[in-house]
Amino acid sequence: MQNESQKISIKEKIGYGLGDTASNLFFQTFIFFLLYFYTDVFGITAAAAGTMFLVTRIWDAVNDPMMGAIADRTNTRWGKFRPYLLWFAVPFGVVGVLMFTTPNLSPSGKLLYAYVTYTLMMMLYTVINVPYSALMGVITPNAMDRTVVSSFRFVLAFVGMFIVQYSVVRLVGIFGGANEQVGWQWAMAVLSALAVVLFLITFATTKERVQPPKGQKNPIKQDLADLLANKPWLLIGGATIFQLTFLVMRGTSIMYYFEYYVQDQQIMLFGKTHSYSFLVLASTFMLAGTIVTIIGAILTKRLSKALGKSQSYYGFLALSAISIALFYFLGPKDIILMFVLQLVASFSVGPVSVLQWAMYTDTADYSEWKTGRRATALIMAASLFALKLGVALGGAGTAWVLAAYGYQPNLPQATEALRGIRLAMSVYPAIFAIIGVVLMLFYPLTNRRMVEIEAELTERRKQSESDLPVTEGA
């Protein structure tokens, strides 16, 4: 690996981004369909599913930083982080299928099976995604180049979202017909096979160019102390928890919102009345959002240059929160307004998601600048834990709201249950987003500050290399 800046090819940017396409074939399924699968297909209660989402995060608090420490200390001919994409792609795919398989067990047996397979899946997600996220921090030492790489990553992540939103319901119908349990198993088998191939492409097309300072020692206690003293990371990590709680609570609610509140609709288009099922409306709603999210992600570099990374992050997160909160005031017939607000909110999510991970790599540079030590994977592991905690809180929060308001699966909902679904789709998630906005108002790493840090680190690395002894034959 070399520390000097090198031009990153389009091929490598795309190759790196395909890794997040692979991850999002499952991550977006978790956001939009997992709670629905567990309550309406697999057959456990909303309250039990919500508790499971949160309880399993206890183990993540241990294994996420542990994986970061392991990855930072890995040394192979392929680098520190790339090998994990090769080694664990197939296990990731296999467990992904098992997770969406419904066994013929008692209710307690099903719940145990769900705990085991969900926990295994989250562990494998960590084993692949901690090194994958850290890889972005060592592809190039240039902060703005990393924003570009992050843009490619999230455009392709949103392609994964598009695939999920377009194909999952259709594949379930194709493979299962009236038997949703069989349909979900085979639908996820298809997505699992695709994910494995994409992870291997990422492994084959990327390089690691940045290494820790020469002679750096890696005591884990010192790494953790550095992390906890890293104010920029604490702020973006906290914002991530609330941002993901917002996104997951809202995304998880969409299927319930359309099935039980919007329902099937007769809509006048171009002078003719058309009938649309709630499934078609929900799928189109999600797909429309994904398309404009991709546009937002593509424009991120231009927006962050003009406004600054943190300002773009909290500004667009606030706009998305306001748009989502307004859903509470819509009636089931306000389809056009639903789609307009969805487009505004989803466009705003594009820059937020891109900048989140670019800012994490900036906090790794900041930590090296401040302490003289670099622990990229540990920072990304802690960041992934923040993300997964937000996912768990969002899923658990939705499940508990549904249970508290009296939701009953596969039945017409009472007025209070419908109110709970509407709140889970609008006001409740927006509250979490606004908390994330407030945290990011205090984020200190401006674009100018990162240029200064990057220049000083480059000088340090050059000095470190010039101080190395010249060996015979060099």
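The preceding data block contains the structure.
Residues numbered from 1 in each chain as written. Predicted model: local features only at pLDDT ≥ 70, side-chain atom pairs only at ≥ 80, totals over all residues. Heavy atoms only, no water.

Brief notes about the overall build of the protein chain
- What the protein chain contains, in helices and strands, is 17 helices and two strands.
- Viewed in the frame of its principal axes, the protein chain has a C-alpha envelope of about 80 × 45 × 40 Å.
- Once local pairs closer than 6 in sequence are excluded, the contacts in the protein chain between residues at least 24 apart make up 83%.
- Total accessible area on the protein chain stands at roughly 18700 Å², and carbon and sulfur atoms take up 68% of it.
- The centroid of the 36 positive side-chain charges in the protein chain is displaced by 2 Å from the centroid of its 26 negative side-chain charges. (Helix = DSSP H or I, 4+ residues; strand = E, 2+ residues; numbered from the N terminus. Contact = heavy atoms within 4.5 Å. Areas by Shrake-Rupley, 256 points an atom, 1.4 Å probe, with all protein chains shown as cover. Lys, Arg positive; Asp, Glu negative; His and termini not counted. Charge placed at Lys NZ, Arg CZ, Asp CG, Glu CD.)

So, the packing of helix α1 (residues 10-42) against helix α9 (residues 231-262)
- Contact geometry of α1 with α9 gives a least axis separation of 9 Å together with a crossing angle of 50°. Considering the angle they form, α1 stands oblique to α9. Remark: the crossing between α1 and α9 carries right-handed chirality. Only Leu-244, Leu-247, Val-248, Gly-251, Thr-252, Ile-254, Met-255, Tyr-256, Glu-259 and Tyr-260 of α9 make contact with α1, whose side of the interface consists of Phe-27, Phe-30, Ile-31, Phe-32, Phe-33, Leu-35, Tyr-36, Thr-39 and Asp-40.
- Residues that form the contact of α1 with α9 fall into these classes: 14 nonpolar, three polar and two charged. (Axes fitted to C-alpha atoms, helices over the stretch in contact; angles between N-to-C directions. Parallel < 35°, antiparallel > 145°, perpendicular 65-115°, else oblique. Left-handed = near helix turned anticlockwise from the far one by under 90°. Nonpolar A, V, L, I, M, F, W, Y, C, P; charged D, E, K, R; others polar.)

Brief notes about unusual backbone geometry
- Even without a glycine there, the phi angle at Gln-263 is positive, about 65°.
- As for its position among the elements, Gln-263 is in the loop between α9 and β1 (265-269).
- One non-glycine residue, Asn-410, adopts positive backbone phi at about 60°.
- Here Asn-410 shows up in the loop between α14 (376-404) and α15 (415-425).

Quick look at the environment of Phe-347
- One can find Phe-347 in helix α13 (residues 335-371).
- On the accessibility criterion, Phe-347 (25% relative accessible area) is partly exposed.
- Separated by 54 residues in sequence, Phe-347 and Thr-293 have C-alpha atoms that sit 4.3 Å apart.
- Among all residues touching Phe-347, those that are not within four sequence positions of it are Val-292, Thr-293, Ile-295, Gly-296, Leu-299 and Phe-316. (Buried < 20%, exposed > 50% of the residue type's maximum accessible area, 1.4 Å probe, protein only.)

Considerations on the side chain of Ser-312
- Within the element layout of this structure, Ser-312 appears in helix α12 (residues 309-325).
- Residues contacting Ser-312, with those up to four places away along its chain left out, are Leu-303, Ser-304, Leu-307 and Leu-355.

Describing the packing of aromatic side chains
- Throughout the structure, instances matching the rule amount to 34 aromatic pairs.
- Ring geometry for Phe-92 and Phe-199: centres 5.4 Å apart, planes at 85°, overall edge-to-face. Here Phe-199 lies in helix α7 (residues 180-205) and Phe-92 lies in helix α4 (residues 83-99), a separation of 107 residues in the sequence. The pair formed by Phe-92 and Phe-199 is uniform in burial state, with each residue classed as buried.
- Measuring from centroid to centroid gives 5.9 Å for Tyr-366 and Trp-369, while their planes differ by 40°, and the two rings are tilted. In this pair, Tyr-366 and Trp-369 both sit in helix α13, three residues apart, roughly one turn of the helix.
- Among the residues examined, Tyr-366 registers a relative accessible area of 14% and is labelled buried.
- By the ring-pair criterion, three or more aromatic residues cluster together here, those being Phe-33, Phe-37, Tyr-38, Phe-42, Phe-53, Phe-100, Tyr-113, Tyr-118 and Trp-184.
- One residue, Lys-110, lies across the ring of Phe-42, its end atom 5.8 Å from the ring centre. (Phe/Tyr/Trp six-rings, centres within 6.5 Å; stacked < 30°, edge-to-face > 60°. Lys NZ or Arg CZ within 6 Å of the ring centre and 35° of its normal.)

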